[in-house]
Amino acid sequence: MAENYGCPAPSRPNFLLLLADDLGLGDLGSFGNRSLRTPHLDGLARDGVRLTQHLAAASVCSPSRAAFLTGRYPVRLGMVTTNGARVLQWAAVSGRLPTSEITFAKILQEQGYATGLIGKWHLGLNCESPTDHCHHPLNHGFDSFFGVPFTLMGDCLQAEPSEKRARLQGPLDLGAQLLLLSLLCLAAGKVTGLLGLRWVPWVLGPGCGALLLACTSRLLGVFIVHADCFLMRDHQVVQQPLKFEASTGLFLREAEAFIHRHQARPFLLLVSFLHVHIPLVTSPAFRGRSAHGAYGDNVEELDWMVGRLLAALDGAGLGHRTLVYFTSDHGASLEARAGGARLGGSNGVHRGGKGMGGWEGGIRVPGLVRWPGTLPAGRLVPEPTSLMYLFPTVVRLAGGWVPADREVDGWDLMPALLGTAQAAGHDFLLHYCEARLHAVRWFDRSSRTVWKLHFATPRFDPPGSGTCLGFPACACSGRRMTRHRRPLLFDLTADPGETRPLQGPMATRRRVEAAVARMLRTRPPPRGPAPRPCTQHLEPAPAALLLARTALCLRPPDPRPLTPTRPPTTNFPGATADPGLRLSHPGTHIRVLNIWVYSNTEIPTSGDSHIQTLTSRDSYIRGFLHPGILTSGDSHFW
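Since the model is a prediction, treat every value here as computed from it, not as a measurement.

Cut-offs used in this document
Residue positions are counted from 1 within each chain, in the order its sequence is given. The model is predicted, so local features are restricted to residues of pLDDT at least 70 and side-chain atom pairs to those at 80 or more, both for listing and for counting; the totals for chains, interfaces and linings are taken over all residues. Heavy atoms from the whole structure form the basis of all side-chain values; hydrogens and water molecules are not counted. We count a stretch as a helix when DSSP gives it H or I for four or more residues in a row; a strand needs E for two or more, and each element gets its number in order from the N terminus. A helix is expected to reach a length of 1.5 Å times the quantity of its residues less one. Relative accessible area decides the class of each residue, using a 1.4 Å probe on protein chains only: under 20% of the type maximum gives buried, over 50% gives exposed, and in between gives partly exposed. An axis is simply a line fitted to the C-alpha atoms; with a helix, the fit covers only the stretch in contact. Between two such axes, the angle follows the N-to-C directions and lies from 0 to 180 degrees. An angle below 35 degrees is read as roughly parallel, one above 145 as roughly antiparallel, one from 65 to 115 as roughly perpendicular, and any other as oblique. When checking whether two residues touch, look at their non-hydrogen atoms; a contact exists if any pair is within 4.5 Å. Just so you know the grouping, Ala, Val, Leu, Ile, Met, Phe, Trp, Tyr, Cys and Pro go in nonpolar, Asp, Glu, Lys and Arg go in charged, and all remaining residues, Gly too, go in polar. With a 1 Å grid spanning the protein atoms alone, the term cavity applies to any set of points in which a 1.4 Å probe fits but cannot get out, the term pocket to an open set with protein on both sides within 12 Å along at least five of seven lines, and the term lining residue to any residue with an atom within 4 Å of a point. Grid points are joined across faces, edges and corners, and a volume is the space filled by probe spheres set on the points. Between 30 and 60 degrees the pair is tilted, below 30 it is stacked and above 60 it is edge-to-face, where a pair is any two Phe, Tyr or Trp rings, Trp via its six-membered ring, whose centres lie within 6.5 Å. Note on geometry: a ring has a charge over it if NZ (lysine) or CZ (arginine) is within 6 Å of the ring centre and within 35 degrees of the ring normal. Here, nonpolar core refers to any group of buried Ala, Val, Leu, Ile, Met, Phe, Trp, Tyr and Cys residues whose side-chain atoms link them within 4.5 Å. Think of it this way: DSSP has to see at least two bridges between two strands before they count as a pair.

Caption draft 1: View of helix α12 (residues 506–522). Helix length check: α12 (17 residues) gives 24 Å between terminal C-alpha atoms against 24 Å at 1.5 Å per residue, within 8%. Looking at α12, one finds that the buried residues are T508, R509, V512, E513, A515, V516, A517, M519 and L520.

Caption draft 2: Spatial organisation of the packing of helix α1 (residues 39–47) against helix α8 (residues 293–315). At a minimum axis distance of 7 Å, the contact between α1 and α8 shows a crossing angle of 55°. As far as their axial angle goes, α8 and α1 are oblique. In contact with P39, H40, L41 and L44 of α1, α8 contributes D303, W304, V306, G307 and L310. Its residues assigned to classes, the contact of α1 with α8 comprises 6 nonpolar, 2 polar and 1 charged.

Caption draft 3: Representation of the layout of surface pockets. The space that makes up the largest pocket amounts to roughly 960 Å³. Looking at the largest pocket, it is lined by 38 residues, and the ones nearest its centre are E163, R167, F471, P472 and A473. Split by residue class, the lining of the largest pocket holds 18 nonpolar, 10 polar and 10 charged.

Caption draft 4: Looking closely at the packing of aromatic side chains. Scanning the model with the defined rule gives 11 aromatic pairs in all. Members of the aromatic cluster, connected to one another through ring pairs, are F68, F104 and Y325. Between the NZ or CZ atom of R50 and the centre of the ring of F31, over which it lies, the distance is 5.4 Å. Cation over ring: R351 sits above W359, and NZ or CZ is 4.2 Å from the ring centre.

Caption draft 5: Geometry of the nonpolar core. Ranked by size, the top nonpolar core spans 132 residues in total, and within it F15, F68, F104 and F326 carry the most contacts. With 9 residues, the top contributor of residues to this core is α8. With sequence-adjacent residues up to four places away left out, F104 is seen in contact with L17, F68, L69, L268, L390, F391, V394 and V395. Counting residues in each nonpolar core, the second largest holds 10 residues, with M356, W359, V450 and F490 among its members.

Caption draft 6: Inspection of the sheet that holds strand β15 (residues 385–386) at higher detail. The mixed open sheet is built from 3 strands, whose spatial order is β12-β3-β15. The open sheet has two edge strands with one neighbour each: β12 (364–365) and β15. Bridge count for strand β3 (residues 54–55) against β12 is 2 bridges, and the pairing is antiparallel. Note that in β12 the partner of L55 across the bridge is R364.

Okay, here's the thing in structure tokens:
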């Protein structure tokens, strides 16, 4: 229900939520950019509250957006992968944001709000048939939807860079070339009499196959455009393929009409921009205007669109009755290039970018909140906040209840926005790359210092470039990722660019590690029904990441009593024995007592005196064991 925050505020305000796509923190004047013109977004910051350490729950689209809508880590929702896909790859893919999940739109719909989504969805469409639309926005609390169920990509305009077409054309072209080569060899053998083959099918067959593959390769781009790049109004496809050059005007007019239609009742409108995702579709009026090429043009058009929406609010007399929130789903892409030109934005001083699980550049995003007459103008909130925090904030302001049958990871932002109390929120935030935890952030409230431990980081290619050129994004696992035997520790308060890992004093490191250990020891497992099982997406994880997967991908504790086992001995370098260590019963659970699986040092898994293997599919633990971190009752399913 709505809460009294210690100041007068309109009951049941409207909500205008503005979500950019791939926008970097350093692209806005209010966050330090001095060369791009973003007057409307800068005005939003001047008239409202600026969240200077606002964080996405993931560094790529689909999981970040799922967390934004539900207030829950993506790994709780099953919105993670382990095969490198990272996000939904096709509009027709089966599954995604489970219908059992509760979005803030669904709660506000029950509270009598008019709810609308305009723009990008990218959280799934169908389950079993092309028409069941089980994951459609209208099944997640929105009364109306006008937009693209998938996402914008270079393939939608058959432009570079290509996300799918080039990858699929490669094998087809290779197959066509091999068949053509075999055709030439067989034809030469037939003509010279070396091979006694019939022209049909042995000689002409490969030729027909090569022609078929070549035609398929050439038509693949057209197929992708029609399969993935279309416009829907509610359940109806109204334009296929979508004419992206006209999409800006279409979406703006739809948003303005929604505001006009619902002046007399409370509403929630989520405008999910296609800007500034590649291929940077920009209206002719904004092309060539900025100092930063096509990307800068797209950012400046985004700012103009925000200005149009704010003007529509004020024109309808709804400015003081509407909370306006602006953010991006994650940081700017550093790998997006075409013809040698970079197409991504700026993440300011922050290291990394889109797709890099724990580095700040991929997860730190702009956060702007305006509510004239209620929120103080010009206020800064330096404490860590998350896109997940919007869920309980919106729900409570609308008079609803945050669900009690599941673990909700968001916190109410209003005390921090109002400045009436020290910001409530997580002391710890977990940063995942796919299903693997790469980093943990700790806000030490006593010293007002933000620390971050990195357990794994991507390997930049070329080394030192800060990017993973030649790939769509950096990797979360495998050879293109480094697991740190001892986590990298950064003081983000003094070093927001994460350029100087802390080398000493050791007392500081031990204090940070002990704080993380206490968090893992006391964090309760998810309540209520289990979310979409994480095990569908998780293979046995590197042991380094077990440290902080404790609470996010667990089943309820097994009721069976633990079977006591002999304390292990430690006959491998660097490990120390803990007499409380026990690994126990068979099945699909691993119960770990008093150990911290700290890094990925390989140890044998058969015939070892220091590991008891379990009769389950998760039958071994790989890792360098460090004692004293987890306690009895911690149940890990990894």
